Protein chains: 2
Amino acid sequence: MHAAIDLAAKLATFKEAWQPRTVSLFNGHDVMVARLRGEYHWHVHPESDDFFLVLAGALEIDLEDGAMVTLAPGQLYVVPRGVRHRPRAIGEAHILLIEPTGTPNSGDPATAAPRRVI
Amino acid sequence: MHAAIDLAAKLATFKEAWQPRTVSLFNGHDVMVARLRGEYHWHVHPESDDFFLVLAGALEIDLEDGAMVTLAPGQLYVVPRGVRHRPRAIGEAHILLIEPTGTPNSGDPATAAPRRVI
């Protein structure tokens, strides 16, 4: 409470890839940090845009229409709701991710990472 | 469309302080960058949390209970809705700001900066 949230310090508390940690709440959303390594699977969030801001490393996001967005540190992209996408880290990428609280990161509650607040 | 949004490049397109520019949309919110210099006035957003992530420089946020949050690059703070606050840049600060589309940055439509999408 009433304290700055240092994103690098939060990222230093865990090592697992594709397992976002919630660091703050914002208007019904979880503000999360995550480490990404390798390629995730194609998925979609029908009800929510998907906010990616790269903090370190590099990220590619394949989109269903064949486009690819490449993100370096300090660059963001919002995947519009309903658009299938596949994120892929080049090496290890650290990201800030914002999704409505309860959104499964995989697009499917059966395969989603558990919600972890740190 | 389908392109990374480079926050530093967006910030380089303008010089005015306390005049946020919208760089993306996300779930009914404007994702904005802003340059901050000096002290803003006390204000409140009754209906929305206020998301601040410092990209460069340093920011202090006074809160109505007397607390002060100090933010360096890579640090964020969400001012809870209804909490009066006063941001103050130390030198010039560059921030990422997220607010519901239509939220007056000053808390009052009469004094708010106009919405500018870049």
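What you are looking at is a predicted structure, and each value in this text was computed from that prediction instead of being measured.

1. Describing the nonpolar core
Here is step 1: Core analysis: the largest hydrophobic core is formed by 28 residues, its most contacted members being A:Phe51, A:Leu76, A:Leu96, B:Phe51, B:Leu76 and B:Leu96.
Here is step 2: Those residues in contact with A:Phe51 that sit more than four places away from it in its chain are A:Leu76, A:Tyr77, A:Val78, A:Leu96, A:Leu97, A:Ile98, B:Phe26, B:Val31, B:Leu96 and B:Ile98.

2. Considering the pairing of strand S5 (residues 68-71) of chain A
All names here are of chain A.
Here is step 1: Residues Val69 and Leu71 of S5 are buried on one face, while the alternating residues Met68 and Thr70, pointing to the opposite face, are not.
Here is step 2: Bridge analysis of strand S4 (residues 50-63) against S5 gives 4 bridges, and the strand direction is antiparallel. Its bridge partner lying in S5, Ile61 is registered against Val69.
Here is step 3: Where S4 hands over to S5, the hairpin turn is made up of 4 residues, of which Gly66 adopts a positive phi near 100°.

3. What to know about the environment of B:Gly28
Residue and element names in this part refer to chain B.
Here is step 1: Note on placement: Gly28 falls in the loop between strand S2 (21-26) and strand S3 (29-39).
Here is step 2: Along the chain, Gly28 and Trp18 lie 10 residues apart, while their C-alpha atoms are 21 Å from each other.
Here is step 3: Apart from the residues lying within four places of it in its own chain, the contact partners of Gly28 are Pro100 and Thr101.

4. Re the packing of aromatic side chains
Within a pair of aromatic rings, the relevant descriptors are the distance that separates the centres and the angle that separates the planes.
Here is step 1: This model, assessed by the stated rule, comprises 4 aromatic pairs over all chains.
Here is step 2: Judged by centre distance (4.6 Å) and plane angle (25°), the rings of A:Trp18 and A:Tyr40 are stacked. Here A:Trp18 is found in the loop between helix H1 (7-11) and strand S2 (21-26), whereas its partner A:Tyr40 is found in the loop between strand S3 (29-39) and S4, with 22 residues between them in sequence. Each of the two residues, A:Trp18 as well as A:Tyr40, counts as buried.
Here is step 3: Positioned above the aromatic ring of A:Phe14 is the side chain of A:Arg35, whose terminal nitrogen or guanidinium carbon lies 5.9 Å from the ring centre.
Here is step 4: Cation over ring: B:Arg21 sits above B:Phe14, and NZ or CZ is 4.3 Å from the ring centre.

5. With respect to the relation of the copies chain B and chain A
Here is step 1: Of the transformation superimposing chain B on chain A, the axial component is 0.0 Å and the angular component is 180°, with the fit at an RMSD of 0.0 Å. Expressed as an axis order, the relation between the two copies is that of a two-fold axis.
Here is step 2: When the interface residues of chain B are mapped onto chain A, 100% of them are again interface residues, pointing to one common binding face.

6. A closer look at the pattern of salt bridges
Here is step 1: If you walk through the whole model with that rule in mind, you get 20 salt bridges over all chains.
Here is step 2: Across the salt bridge formed by A:Arg88 and A:Glu39, the nearest N and O atoms sit 2.7 Å from each other. Separated by 49 residues along the polypeptide, A:Arg88 in strand S7 (residues 85-100) and A:Glu39 in strand S3 bring together distant segments of the chain.
Here is step 3: B:Arg21 is the salt-bridge partner of B:Glu16, the closest N and O atoms lying 3.0 Å from each other.
Here is step 4: What makes B:Glu16 partly exposed here is its relative accessible area of 35%.
Here is step 5: Through salt bridges with shared partners, a single ionic network connects A:Glu39, A:Glu60, A:Asp62, A:Arg86 and A:Arg88.

7. Things to note about the interface of chain B and chain A
Here is step 1: If you look at the interface, chain B gives 35 residues, while chain A gives 35 residues.
Here is step 2: Inspection of the region where chain B meets chain A yields 0 salt bridges.
Here is step 3: For the interface between chain B and chain A, the tally reads 14 residue pairs in polar contact (both at pLDDT 80 or more).
Here is step 4: Going through the elements one at a time, strand S1 (5-6), S2, S3, strand S4 (50-63), strand S5 (68-71), strand S6 (75-79) and strand S7 (85-100) of chain B are the ones with two or more residues in the side of chain B that touches chain A.
Here is step 5: A class-by-class count of the residues in the side of chain B that touches chain A yields 21 nonpolar, 8 polar and 6 charged.
Here is step 6: Where strand S1 (residues 5-6) of chain A lies against S6(B), 2 bridges are found, and the strand directions are antiparallel.

Rules of the game
- Residues numbered from 1 in each chain as written.
- Chains lettered and ligands numbered in written order.
- Predicted model: local features only at pLDDT ≥ 70, side-chain atom pairs only at ≥ 80, totals over all residues.
- Heavy atoms only, no water.
- Core = buried A, V, L, I, M, F, W, Y, C linked by side-chain atoms within 4.5 Å.
- Buried < 20%, exposed > 50% of the residue type's maximum accessible area, 1.4 Å probe, protein only.
- Contact = heavy atoms within 4.5 Å.
- Helix = DSSP H or I, 4+ residues; strand = E, 2+ residues; numbered from the N terminus.
- Pairing = 2+ DSSP bridges.
- Phe/Tyr/Trp six-rings, centres within 6.5 Å; stacked < 30°, edge-to-face > 60°.
- Lys NZ or Arg CZ within 6 Å of the ring centre and 35° of its normal.
- Least-squares fit on C-alpha atoms with pLDDT ≥ 70 in both.
- Salt bridge = Lys/Arg side-chain N within 4 Å of Asp/Glu carboxyl O.
- Polar contact = N/O pair within 3.5 Å; in protein donor to acceptor, adjacent residues only side chain to side chain.
- Nonpolar A, V, L, I, M, F, W, Y, C, P; charged D, E, K, R; others polar.

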